[in-house]
Amino acid sequence: MDGPFQLVSGELMDSKTMAQMCRTLRAIKKWTQEQVADHLESRLERKVSKQSISYAENPEYPGLDKLRVQIIEELSGRQVEGPFWRLKDEPAEVEG
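What you are looking at is a predicted structure, and each value in this text was computed from that prediction instead of being measured. (Residues numbered from 1 in each chain as written. Predicted model: local features only at pLDDT ≥ 70, side-chain atom pairs only at ≥ 80, totals over all residues. Heavy atoms only, no water.)

Engineer: What is the right way to read the side chain of E57 from this model?
Structural biologist: In this structure, E57 sits in helix α3 (residues 50-57). The contact partners of E57, leaving out residues within four places of it in the chain, are A19, C22, R23, R26 and Q33. (Helix = DSSP H or I, 4+ residues; strand = E, 2+ residues; numbered from the N terminus. Contact = heavy atoms within 4.5 Å.)

The structure is reproduced here in structure tokens:
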């Protein structure tokens, strides 16, 4: 991906949008799913598998919004507020 990815505050995000955002942020960072899992595991101090990252990036898997939020927050440096998921704070550019 070339250039920054703009994250917009206040827009409601559904599971599909969050899954896409997880994939996009990982691509911008040029991280593998395993690298994201390792990063989350060290930050959250619990086991996170590469497979769980794959599931979180796939909008067909329900019930993974909490993990999606954690991925988005860690990779973007932004806070996500729920239960109607939306980004907080001012817009930020995310670059790799």
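Moving on from the coordinates now.
Engineer: In this structure, what is going on with the packing of aromatic side chains? I would like to understand it.
Structural biologist: The relative placement of two aromatic rings is captured by the distance of their centres and the angle of their planes. This structure, assessed with the given rule, holds one aromatic pair. A centroid spacing of 4.3 Å and a plane angle of 40 degrees characterise the contact between Y55 and Y61, whose relative ring orientation is tilted. (Phe/Tyr/Trp six-rings, centres within 6.5 Å; stacked < 30°, edge-to-face > 60°.)

Engineer: Any chance you could explain the confidence of the model for the chain here in plain terms?
Structural biologist: Regions with low pLDDT should not have their predicted coordinates read in detail. Model confidence for the chain is summarised by a mean pLDDT of 85, while 80% of its residues fall at 70 or above. Mean pLDDT in the chain bottoms out at strand β1 (residues 5-7), which sits at 59, and peaks at α3, which reaches 97. (pLDDT = per-residue confidence, 0-100.)

Engineer: In this structure, what is going on with unusual backbone geometry? I would like to understand it.
Structural biologist: Most peptide bonds adopt trans geometry, and most residues besides glycine take a negative phi value. Although it is not a glycine, K30 adopts a positive phi angle of roughly 60 degrees. For K30, a relative accessible area of 68% puts it in the exposed group. Phi is positive for E45, close to 55 degrees, though the residue is something other than glycine. With respect to the secondary-structure elements, E45 resides in the loop between α2 (33-44) and α3. (Buried < 20%, exposed > 50% of the residue type's maximum accessible area, 1.4 Å probe, protein only.)

Engineer: Hey, could you run me through the nonpolar core in this one?
Structural biologist: General note: in soluble globular proteins, nonpolar side chains tend to be found buried as a group. L40, I53, I71 and I72 are the most contacted members of the largest nonpolar core, which has 18 residues in total. Taken together, the elements giving at least two residues each to this core come down to α1 (15-29), α2, α3 and α4 (65-76). Here this core gets five residues from one element, more than from any other, and that element is α4. Not counting residues within four places of it along the chain, the set of residues in contact with I71 comprises C22, V36, L40, I53 and A56. (Core = buried A, V, L, I, M, F, W, Y, C linked by side-chain atoms within 4.5 Å.)

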